[in-house]
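Letter by letter, the chains look like this.
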Amino acid sequence: MPQHTSLISSETTSTKKSQRTLATFMSDYGIMVAFIALCVVLSIASPYFLGVSNLLNVLRQVSINGVLAIGMTFVILTRGIDLSVGSMMAFAAIVAASFAGASADSALILPILMGLGAGLALGCINGVMVARFAIPPFVMTLGMLSMARGLTYIYSDGMPISSLSSSFLWLGQGTVAGIPVPVLLFAAIFLLAWFTLRYTAFGRYVYAVGGNPTASRLSGINVRGIIFAVYAISGTLCGLAGLMIAARTSAALPQAGVAYELDAIAAVVIGGTSLAGGKGRIIGTLFGVLIIGVINNGLDLLGVSSFYQQLVKGAIIVVAVMLDRSREAND
Amino acid sequence: MKKIFAGLAISTFTAAINTQAFAADPIRIGAATYGLQGEFMQLWSNALENHPAVMSGDIEITVFDGRYDALVQSNQFDSMITRQYDAILFVPIDADACIGPVIRATTAGIPVVGSNTRCNSDQLASFVGSDDILAGQMVAEEIIDKIGGDGKVVIIEGPIGQSAQIDRAKGIENVLAEYPGIEVLERRTANWSRAEALSLMENWLTSHQDEIDGVIAQNDEMAIGAIRAIQASGRSLDNIAVAGVDGITDALKAVQQGQMATILQDATAQAQGALDVALARLDETDSLPLSETWTKYKELDWANGEADTYNIPWTVVTSSNVETLLNQRQ
């Protein structure tokens, strides 16, 4: 947890409120323009890009990273970082799958609860260590990245768990009214997060704690509680992502999700959320997730080598932050 | 931690004394794997533990997890040399990075037997594995058997530059060169990953619609990812042939359901065969070879454990042998 706060930044945030609204509007607007431009280019380059089935593919492909990135947004808004999301997701997937054998066709609720519970439990450990014992988030979640992966291998003995029940597979492969279930889950989590950050006291506290922890504490906000909560949220969403990936690939693989934290952080950063905390919007994260997904999809459709995919993704992250910095400098 | 180190020191010390005092102490063999995070290396390590000489206590096996890092493997070699292992079984992550460690061990008088993955070193005592070029040829032939000499295929590759990827690609290329009627629509890596192959195949099914007749995957995980994508798109696996390599459990189940073809790489034979060859080089055990490997494959010549290379044959998994193979996994 950051111990020092800059008085200057707290003054800027309070006195330049009107400009900040404009700036956040610009930030949303900018990323939407970038996203639309990307879609226009890709739809010209590939006749298949705008097809309904392809757009559903894109949404299905981004839904897992999307769920992780939403949890990551909460954490980053409080000036934190969660490097352990990929490992926690793999752990939750293995735990859930171990309760979702083909014979347990009726009991969908048990693997769901176990998966979410596994994610929540690890998230709570991150939360307690960061909030109560002031372990820097980078260090704590780096440790958890390794510990959760270790737990995954211990629990699974290094072997994949497959032969999952068809009701469980529905979470990753089913559709409701033609829309894939993972997409619906992602949409539901997005709406919930959007509502929470925008309309609830908890949401305002998350911004306040990230913007200025000292001032937040002085004004009576339970700063430790808020910080604990965002890691618990991130962990639970890793649990959900774990259910989704196991159901989508029909197996929980202990090596799944390596380096997924990078895509989740990238989506949040591209979406304009400041790594310095207190600034950013969940809609930005949505577009960050979509931009990464559309690039991957588009380059696949065009048959471009995956080497370029990594190059382009990295460049976009840097440009996104650069634009953010120059905007802040203009404020 | 301290206790463990103390324990290690004592056991090393007593082992050193025992070597001089008694001839009958267990032979210590280190198994340096490239990493224990995949099903194949798990099967390979388990097979070592089940080797007759290990079960009887004549041999002590220590399995090292190379964590997919050539440097980690190199360091593990140094500690095996320091602790004076009698022999080393080596499954290197990289065919060139393995050369240094092999030279260091051989110089220290410890024979190194390669297994599963190749090492471009002439100092290896022997190599017991399966020929990945052959695997590439077989997986391509499986697809051509299904779709005939004319058709359009996509190829899903392993991490570019890894020796299994290079060799399997070479084998696939060899076969495709003989069939000018086969058009390769796409060739991309999915890094051995099921989730990556799933997304990749979804996107290809979009860009090529119903053009794709066959999917040649360099491993089973990626083949299964492709199957999931084909099913999710509402297409029938009757119209798209899928084949992979390795014979992992999920792939055997998919063969059972008629969804794909695979060729099995025998982890047990590679591991136990390598151990037999290492024992032959140590010349301290009678009545070799001990494992079933050599009776299982009639075409495999034991040659007193003196050959440079033992190629464990691949087995094409079909509906007629899949039950037996699945039962062996239990």
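Reading the values: the criteria
Residues numbered from 1 in each chain as written. Chains lettered and ligands numbered in written order. Predicted model: local features only at pLDDT ≥ 70, side-chain atom pairs only at ≥ 80, totals over all residues. Heavy atoms only, no water. Helix = DSSP H or I, 4+ residues; strand = E, 2+ residues; numbered from the N terminus. Buried < 20%, exposed > 50% of the residue type's maximum accessible area, 1.4 Å probe, protein only. Contact = heavy atoms within 4.5 Å. Areas by Shrake-Rupley, 256 points an atom, 1.4 Å probe, with all protein chains shown as cover. Pairing = 2+ DSSP bridges. Axes fitted to C-alpha atoms, helices over the stretch in contact; angles between N-to-C directions. Disulfide = S-S within 2.5 Å. Buried area = accessible area lost by both parts, 1.4 Å probe. Salt bridge = Lys/Arg side-chain N within 4 Å of Asp/Glu carboxyl O. Core = buried A, V, L, I, M, F, W, Y, C linked by side-chain atoms within 4.5 Å. Right-handed = clockwise from strand over helix to strand, strands pointing away. Expected span 1.5 Å × (residues − 1). Polar contact = N/O pair within 3.5 Å; in protein donor to acceptor, adjacent residues only side chain to side chain. Patch = residues over 30% accessible without salt bridge, like charges linked within 9 Å, V, L, I, M, F, W, Y side chains within 5 Å.

S.K.: Looking at this structure, how should I read the overall build of chain A?
M.R.: Secondary structure assignment for chain A yields 14 helices and two strands. Relative to its 331 residues, chain A shows a buried fraction of 51%. Partitioning the contacts of chain A with sequence separation of at least 6, the portion at a separation of at least 24 is 80%. Total accessible area on chain A is roughly 14,200 Å²; 71% of this is exposed by carbon and sulfur atoms.

S.K.: Can you help me understand the sheet that holds strand β7 (residues 182-189) of chain B in this one?
M.R.: Neighbouring strands of a sheet are bound in pairs by backbone hydrogen bonds; such pairs are parallel or else antiparallel. All names here are of chain B. What the six strands build is an open sheet, ordered β7-β6-β8-β9-β10-β12; its pairing is mixed. Pairing within the sheet leaves two strands with one partner each, and these edge strands are β7 and β12 (315-317). Neighbour-to-neighbour, the strand axes of the sheet open up by a mean angle of 20°, direction not taken into account. Bridge count for strand β10 (residues 261-264) against β12 is three bridges, and the pairing is antiparallel. Across the sheet, I263 pairs through a bridge with V316, a residue of β12. Contacting β6 (151-157), β7 and β8 (214-217), helix α8 (residues 194-208) crosses the sheet at an angle of about 140° to β7.

S.K.: What is the right way to look at the state of the cysteines in this model?
M.R.: In protein structure, a disulfide is the covalent linkage between the sulfur atoms of two cysteines. Inspection of every chain in the model, using the stated rule, returns one disulfide over all chains. A sulfur-sulfur separation of 2.1 Å characterises the disulfide bridge that pairs C98(B) with C119(B). The disulfide joining C98(B) to C119(B) has a torsion of about 105° about its S-S bond and is therefore right-handed. Of this pair, C98(B) sits in the loop between β3 (87-90) and α5 (99-107) while C119(B) sits in the loop between β4 (112-115) and β5 (126-129); the two residues are 21 residues apart in sequence, bridging distant segments of the chain. By relative accessible area, C98(B) is classed as buried at 2%. We classify C119(B) as buried; its relative accessible area is 11%. Here C124(A) stays unpaired: no disulfide links it, and the sulfur of C238(A), its closest cysteine neighbor, is 12 Å away. The class of C124(A) is partly exposed, set by a relative accessible area of 22%.

S.K.: Can you walk me through the environment of I179(A) in this structure?
M.R.: Among the structural elements, I179(A) can be located in strand β2 (residues 179-180). Leaving out residues up to four positions away in the same chain, I179(A) has contacts with G174(A) and L184(A).

S.K.: For this particular structure, what's the right way to read the sheet that holds strand β1 (residues 27-33) of chain B?
M.R.: All names here are of chain B. In spatial order, the strands read β2-β1-β3-β4-β5-β11; together these six strands make up an open sheet with parallel pairing. Here the strands that pair on one side only, and so sit at the sheet edges, are β2 (59-65) and β11 (309-311). If you compare each strand with its neighbour and ignore which way they point, the axes differ by 20° on average. In terms of strand pairing, β3 meets β4 through three bridges, oriented parallel. Along β4, the bridge assignment pairs I88 with V112. Contacts from helix α2 (residues 39-49) reach β1, β2, β3 and β4, with the element oriented near 175° to β1. Sheet strands touched by helix α11 (residues 267-282): β1, β2, β3, β4, β5 and β11. Its angle to β5, the strand with the most contacts, is close to 160°.

S.K.: Can you walk me through the interface of chain B and chain A in this structure?
M.R.: How big an interface is tends to be expressed through the accessible area that disappears when the partners come together. Counting from both sides, the interface comprises 25 residues of chain B and, opposite them, 32 residues of chain A. Of the roughly 2,300 Å² buried at the junction of chain B and chain A (both faces included), carbon and sulfur atoms supply 48%. Broken down residue by residue, the surface that chain B buries against chain A is led by Q37(B), R188(B) and N203(B), which jointly contribute 25%. Where chain B meets chain A, there are three salt bridges. The shortest N-O distance in the salt bridge between R248(A) and E202(B) comes to 3.0 Å.

S.K.: Where do I start with the nonpolar core in this structure?
M.R.: Across soluble globular proteins, nonpolar side chains show a tendency to be buried alongside one another. I70(A) and F168(A) are the most contacted members of the largest nonpolar core, which totals 85 residues. Ranked by residue count, the leading element in this core is helix α11 (residues 223-249) of chain A, at 14 residues. Core analysis: the next-biggest nonpolar cluster, separate from the first, contains 38 residues, V113(B), A271(B), V277(B) and A278(B) among them.

S.K.: What am I meant to see in the pairing of β10(B) here?
M.R.: Both faces of the sheet carry side chains from a regular strand, because those side chains alternate between them. Residue and element names in this part refer to chain B. Every second residue of β10 is oriented toward a common face, with A261 and I263 on one face and T262 and L264 on the other, all of them buried. Relative to β10, strand β9 (residues 241-246) is paired through four bridges, and the arrangement is parallel. Each residue of the ladder has a partner; that of V245, found in β10, is I263. Crossover connection from β9 via helix α10 (residues 249-256) to parallel β10: handedness right-handed.

S.K.: Help me understand helix α4 (residues 70-82) of chain B, please; the structure alone is not making it clear to me.
M.R.: Owing to its 3.6 residues per turn, the α-helix brings residues three or four apart onto one side. Residues and elements named next belong to chain B. In a regular helix each residue adds 1.5 Å, so 13 residues correspond to 18 Å; α4 covers 19 Å between its end C-alpha atoms and thus fits that length. Along α4, the residues classified as buried are V72, Q73, S74, Q76, F77, M80 and I81. Those residues of α4 that are buried lie in contact with β1, β2, β3, α5 and β4. Two or three places before L71, at the opening of α4, D69 has a side-chain oxygen 2.9 Å from that residue's backbone nitrogen. In the segment just after α4, Q84 is the residue with positive phi, at about 55°.

S.K.: Mind showing me how you'd approach a nonpolar patch on the surface here?
M.R.: On the surface, F307(A), Y308(A), L311(A), V312(A) and I160(B) cluster together into a nonpolar patch covering about 510 Å² of accessible area. Relative to the helices and strands, F307(A) is located in helix α14 (residues 306-330).

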